[in-house]
Protein chains: 4
Amino acid sequence: MIIVLKPEHTEEDLQRIVRRLEDKGLGAHISKGEQRTIVGAIGDERVLRETPIESWPGVESVLPILKPYKLVSREFKSEDTIIKVNGQEIGGRQIQLFAGPCAVESREILEEIALSLQPLGVGFLRGGAFKPRTSPYSFQGWGEKGLKMLAAVREETGMLVVTELMDPRDTVLVCKYADIVQIGTRNMQNFRLLTEVGNIDKPVILKRGMSATIKELLMSAEYIAAQGNEKIILCERGIRTFETETRNTLDLSAVPLLKQLTHLPVIVDPSHAVGRVDLVPAMARAAIAAGADGLLIEVHVRPEEALSDGPQSLRPAAFASLLEECSRVARAVGRTL
Amino acid sequence: MIIVLKPEHTEEDLQRIVRRLEDKGLGAHISKGEQRTIVGAIGDERVLRETPIESWPGVESVLPILKPYKLVSREFKSEDTIIKVNGQEIGGRQIQLFAGPCAVESREILEEIALSLQPLGVGFLRGGAFKPRTSPYSFQGWGEKGLKMLAAVREETGMLVVTELMDPRDTVLVCKYADIVQIGTRNMQNFRLLTEVGNIDKPVILKRGMSATIKELLMSAEYIAAQGNEKIILCERGIRTFETETRNTLDLSAVPLLKQLTHLPVIVDPSHAVGRVDLVPAMARAAIAAGADGLLIEVHVRPEEALSDGPQSLRPAAFASLLEECSRVARAVGRTL
Amino acid sequence: MIIVLKPEHTEEDLQRIVRRLEDKGLGAHISKGEQRTIVGAIGDERVLRETPIESWPGVESVLPILKPYKLVSREFKSEDTIIKVNGQEIGGRQIQLFAGPCAVESREILEEIALSLQPLGVGFLRGGAFKPRTSPYSFQGWGEKGLKMLAAVREETGMLVVTELMDPRDTVLVCKYADIVQIGTRNMQNFRLLTEVGNIDKPVILKRGMSATIKELLMSAEYIAAQGNEKIILCERGIRTFETETRNTLDLSAVPLLKQLTHLPVIVDPSHAVGRVDLVPAMARAAIAAGADGLLIEVHVRPEEALSDGPQSLRPAAFASLLEECSRVARAVGRTL
Amino acid sequence: MIIVLKPEHTEEDLQRIVRRLEDKGLGAHISKGEQRTIVGAIGDERVLRETPIESWPGVESVLPILKPYKLVSREFKSEDTIIKVNGQEIGGRQIQLFAGPCAVESREILEEIALSLQPLGVGFLRGGAFKPRTSPYSFQGWGEKGLKMLAAVREETGMLVVTELMDPRDTVLVCKYADIVQIGTRNMQNFRLLTEVGNIDKPVILKRGMSATIKELLMSAEYIAAQGNEKIILCERGIRTFETETRNTLDLSAVPLLKQLTHLPVIVDPSHAVGRVDLVPAMARAAIAAGADGLLIEVHVRPEEALSDGPQSLRPAAFASLLEECSRVARAVGRTL
């Protein structure tokens, strides 16, 4: 950590800073330049995170040098984390597919969708039983009834179940039915929920908050890892920008960047990012070319009747041709799909 | 709701759309222009919110006409809501002050801060017992112990207590000690938590999410109101933009805009918005000039030792002179402080 | 154009609106709903663009239906525009490469770079003779001297020259040397410059402004087309968002979206978007997978000495391996590179 | 400037860095921490701006310490700059008003507007003769004819003229008629135009680009100052964010922040920021409370017929009551208006 002093700081300010650093068990390295004096704090700067150094007399600014996350960082673990779940691997050479409706609407529709996906090689069925809806008057999901529908369809198709957890009080319930627990974009900084899923023995898909920086996403992953659960799958799903033609702006540079900063698998959700079926296939291809370990895609047999996210849900036929295109791109980058 | 048809739509598409609207109990008003045919859906368009009309064949786009919120809107209730809490009024001519440390650190420090604020006429003491921190390694608050400290200081000073609720499981606990419950910026779309505070009998301060639109803020307020709790205080606290000199960008136009769209009181938190003490006074004055009903300001007796948000906490002396300036501006706009 | 009336509008307001529309030669289609009355303006709504209807008494809001651009739209011309320039084609099956240094620094360095690119099949050499630099104290480019260096290297290598025009007063000069004229991101809404290049007989690369919407990009293209020059190549180069790990956020969804809205070729500049060499290859692959017609990439033989944009310039060897990867992706999506 | 080395850097890398710094005439101060080695470059770091240190072998990142602008900084000149123009002062105790229509439409309308403003004490008449319009099909301004109308109305009313310069080729022409030259938001980084107005002997209003950081705004001011013209008035006019209820988001924290960083006067344009008359008065009051030295406000006698920006133009009566409110706020903060 570098502490830049104000041009008008006093010698007393400087001495006080050195003393305070030493009190924290850190060394202080003073460097007097022509225009500014700077103090380097030598030692584990994580000790200083809690200390409001900017408020100390004589301090102009503070420049951190180290990253604030540890367990999820590449420096901590250099090889890729491969997450195994009931015979499937996430983060390896095989690109995984997570597909299904936004919300579980009925047993019949879910089954119909799943039966259209399973022959295409989709390993994971996604569908919400608890839905975070912007309006209190919108369909909020079937709750446990929906979870049971997912489990029943898993029984029938062999596809594994991914579903969202919204409330710490539902953790046990959701874990009873889910193979992978999803933390949604609006809950990326619901720290209590993160702590909760840090204590379960299931993989977690952590979706990037719609205005979260890469660093904040990794800090939220660190929350989960700090509790002992390192089976974390990061998901880029678009960030909020000024552009209104698409629902969000898919930040694909997050994929190679995260691959560099962390050992965790990274998947992409083009459906929520663009919010329009016509752009989903191109963005799915691009995600794979950028190095994604998986795709999370909304598919519905009758989007025009979907209770949620119809306009961004692909029909099975369109999804099948998306997969064909994506397969070719996957091979081009040395992966399989 | 206006449905714009694609230039290449068929007559069959049009008839299907009319039929589907009628099935929902809505009238359909067709208008054939030179370049586009449009269909106006006559009736309560809230019925259509759940319907993915964009996915219907022949549809190019859908333009809503009505606002998606109701109970919190000015149209629903034209006069200002004034919230009464233990003898204080929020939303009336008097501008209210909510001040205190970011986190409750110790009984002694809290008391020292409160005793510096009370003589200045601050009616509400703020302080977090549960802290949503970006890092799992940061101080997370004292929990119930912190709530008890707040209650003890209320006993001593007569100031009312505002504190944050982060987890639906703590609702009863927090309500036992708080006079006003705060929902933080990261929980503005934690819909389960909103539902929870919709069922309590305490006023709620709802902070705008850092990337939430005004419409989303009002939808979150609607979640609370829909459960029966209409004692909602909206709080503008800065939005996330590309500018990095300030922690967030304080969107003061939200104040007059919200005043127009809703009957609820609107307060402003300049401390979190700018994140630097040197800019807080100017933004506090501007907030009042823009029409805010209250100010939420971080004050600490020793910011250089604060466990959280030191760089944005004012010392009592600086806060006192801020109040003097703000009083003059309040009078200039016909309010008292 | 749909005009939504205020709930409290008077019959006189309505009649005045109808009359004013008729005065403009438009029909008015009135539709009285349960909650709002709306008026559809029948006719060419472009007539109304200049009219501040929102300010008319009784009007609540105005919803445009048609797009504000015409010549550059797919509706105007459905087949892809293929731009031919000295034997090369942009916008066809072949993906084009535009590579070179940010700035022309010296004849020797430019030559060295070009000779490393030409054997790799790069058709277009890019390099700035006029540089828009954020600081007045930074290297501003060699001007005509730089243009002459570009022309000399073209002579030697056969590569075509792409270079930026910053000032309408330099149009004749730049056109004397350039094969393609580039309008930089900071000049996307320099409407005088757009008008200027609308009158030349050279293709123009129009870079998206760093905070420009897709619609604004197309309106700027329309400025050029309206003067008669339809040889316009759109370039996505990253938009400004809150994320600071990358220089900008590459909005790859702009590629399929533009392909849908316009007939013009679309290329991608991953170098300026991410600003870091380590992420350029992944984003170049993704751009091609998303459907880009070309790549604009900064290459330098000695980035550590570059006078501009060193940190985002690839060395020739890294660029060569990027091309190999991109070739495979290009084939996977049915293109050649 | 602080150079942070990669954990895996070699001794040779370190020596090379030191040598290169010394070659530039700078000292190198090495500090080996537990986790990182850092090198402080001692001397004028502006020398290093042009050097792509991030690309040097062994370098992880580079942290600048000094601000990149000089002439416009408070460090360079501590007292406020007060700009005098024909008997008026900008930047002093008196808050200045710049009001008028967006575009000069006709001599009659301009006169009518000016005659409504002059009795209210408005010193500066604003109006565009050259208009940067998003669409090539919109009214582009009357050019010199418009400038002549402005001059004629100045003759008649004594109000000084503020008008926009869009093209370096019009500099002489615009200066012939204008008392203050305005550089619009889309031209904030039109560096040729900045250089041009750096060489004139008239004050310049420099509007913040809609996605420009404070630092970039100051760098653009530095461009003008570097040519010798220090009569620069900075103007905050709203930045582009995700919020769509207002045209832009007025960043009022820019006012106290700029006051701290620079000695130049700072004015605010609430009209363009919010884009709706109903919010202009509140934001004007807030701007003054935040410390603005002036207000730039669009006023039109018949907004419903304005050729440009009707929806954000106040009528004279509404403007007069805005002024009354603003006067009271001005007095509350120790200013006059």
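The present account deals with the structure reproduced in this document. This one's a predicted model, so the numbers in the text were calculated from it and none came from an experiment.

**Section: the overall build of chain A**
The helix and strand inventory of chain A stands at ten helices and 14 strands. Out of the 337 residues in chain A, the part that is buried amounts to 60%. For chain A, contacts bridging at least 24 residues in sequence account for 64% of all contacts bridging at least 6.

**Topic: the pairing of strand β3 (residues 37–42) of chain A**
All names here are of chain A. With five of its six residues buried, β3 lies for the most part within the structure. The pairing of strand β1 (residues 2–5) with β3 spans three bridges and is antiparallel. Of the residues in β3, the one forming a bridge with Ile 3 is Val 39. Here six bridges tie strand β2 (residues 27–32) to β3, and the two strands are oriented antiparallel to one another. For Ile 30, the partnering residue across the bridge sits in β3 and is Val 39.

**Section: the sheet that holds strand β1 (residues 2–5) of chain B**
All names here are of chain B. Across the sheet, which stays open at both edges, the four strands sit in the order β2-β3-β1-β4 with antiparallel pairing between neighbours. Each of the sheet's edge strands pairs with one partner strand only, and the pair in question is β2 (27–32) and β4 (59–63). Sheet twist, expressed as the average angle between the axes of neighbouring strands with direction ignored, equals 20 degrees. Pairing of β1 with β4 involves four bridges; the strand directions are antiparallel. Residue pairing across strands places Ile 2 opposite Leu 63, the latter belonging to β4.

**As for the interface of chain A and chain C**
Between chain A and chain C, the contact holds 35 residues from the first and 35 residues from the second. For the side of chain A that touches chain C, the secondary structure elements donating two or more residues are α7 (254–261), α9 (280–290) and α10 (316–332) of chain A. It is α9 of chain A that contributes the most residues to the side of chain A that touches chain C, seven residues altogether. Classifying every residue of the side of chain A that touches chain C gives 19 nonpolar, nine polar and seven charged.

**Describing the relation of the copies chain D and chain B**
With an RMSD of 0.0 Å, the fit of chain D onto chain B corresponds to turning through 180 degrees and sliding 0.0 Å along the axis. On the angle and the small slide along the axis, the relation comes out as a two-fold axis. In terms of proximity to the rotation axis, the leading residue of chain D is Ala 286 of chain D, whose C-alpha is 2.1 Å off the axis. Both copies share a contact surface, since 100% of the interface residues of chain D are interface residues in chain B too.

**What to know about the environment of Glu 216 of chain B**
Relative to the helices and strands, Glu 216 of chain B resides in helix α6 (residues 214–226). Put simply, Glu 216 of chain B and Glu 230 of chain B are 14 residues apart on the chain and 17 Å apart in space, counted from C-alpha to C-alpha. Discounting residues that sit within four places of it in the chain, Glu 216 of chain B has contacts with Thr 134 of chain A together with Gly 209 of chain B.

**Overview of the interface of chain D and chain B**
On the chain B side, the residues contacting the 35 residues of chain D number 35 residues. Here the side of chain D that touches chain B takes seven residues from helix α9 (residues 280–290) of chain D, the largest share from any one element.

**Description of the packing of helix α2 (residues 107–117) of chain A against helix α3 (residues 144–157) of chain A**
Residues and elements named next belong to chain A. Relative orientation of the contacting elements α2 and α3 amounts to 35 degrees, with a least axis distance of 10 Å. The interaxial crossing formed by α2 with α3 has right-handed handedness. Judged by residue contacts, Arg 107, Leu 110, Glu 111, Ala 114 and Leu 115 of α2 engage Met 149, Ala 152, Val 153, Glu 156 and Thr 157 from α3. Per-class residue counts for the contact of α2 with α3 are six nonpolar, one polar and three charged.

**Details of the relation of the copies chain A and chain C**
Screw-axis analysis of chain A against chain C gives a translation of 0.0 Å along the axis, an RMSD of 0.0 Å, and a rotation angle of 180 degrees. Interface overlap between copies is the fraction of interface residues in one copy that are interface residues in the other; for chain A against chain C it reaches 100%, indicating a shared surface.

**Some details on α10 of chain A**
Over its 17 residues, α10 of chain A runs 24 Å from end to end, which matches the ideal 24 Å to within 8%, given 1.5 Å per residue. Looking at α10 of chain A, one finds that the buried residues are Phe 319, Leu 322, Leu 323, Cys 326, Val 329, Ala 330 and Ala 332 of chain A. Against the buried residues of α10 of chain A lie β7 (96–100), α9 and β14 (294–298) of chain A together with α9 (280–290) and α10 (316–332) of chain C. At the C-terminal side of α10 of chain A, Gly 334 of chain A shows a positive phi close to 80 degrees.

**Section: the packing of helix α5 (residues 191–198) of chain A against helix α6 (residues 214–226) of chain A**
Residue and element names in this part refer to chain A. Viewed as axis vectors pointing N to C, α5 and α6 meet at an angle of 40 degrees, and their least axial separation amounts to 7 Å. Judged by the angle between their axes, α5 and α6 are oblique. Handedness of the crossing formed by α5 with α6: right-handed. Counted together, Phe 191, Leu 194, Thr 195, Val 197 and Gly 198 of α5 and Ser 220, Tyr 223, Ile 224 and Ala 226 of α6 form the full contact between these two elements. Its residues placed into classes, the contact of α5 with α6 shows six nonpolar, three polar and no charged.

Analysis parameters
- Residues numbered from 1 in each chain as written.
- Chains lettered and ligands numbered in written order.
- Predicted model: local features only at pLDDT ≥ 70, side-chain atom pairs only at ≥ 80, totals over all residues.
- Helix = DSSP H or I, 4+ residues; strand = E, 2+ residues; numbered from the N terminus.
- Buried ≥ 20, exposed ≤ 12 C-beta atoms within 10 Å, placed from the backbone.
- Contact = placed C-beta atoms within 7 Å.
- Pairing = 2+ DSSP bridges.
- Axes fitted to C-alpha atoms, helices over the stretch in contact; angles between N-to-C directions.
- Nonpolar A, V, L, I, M, F, W, Y, C, P; charged D, E, K, R; others polar.
- Least-squares fit on C-alpha atoms with pLDDT ≥ 70 in both.
- Left-handed = near helix turned anticlockwise from the far one by under 90°.
- Expected span 1.5 Å × (residues − 1).
- Parallel < 35°, antiparallel > 145°, perpendicular 65-115°, else oblique.

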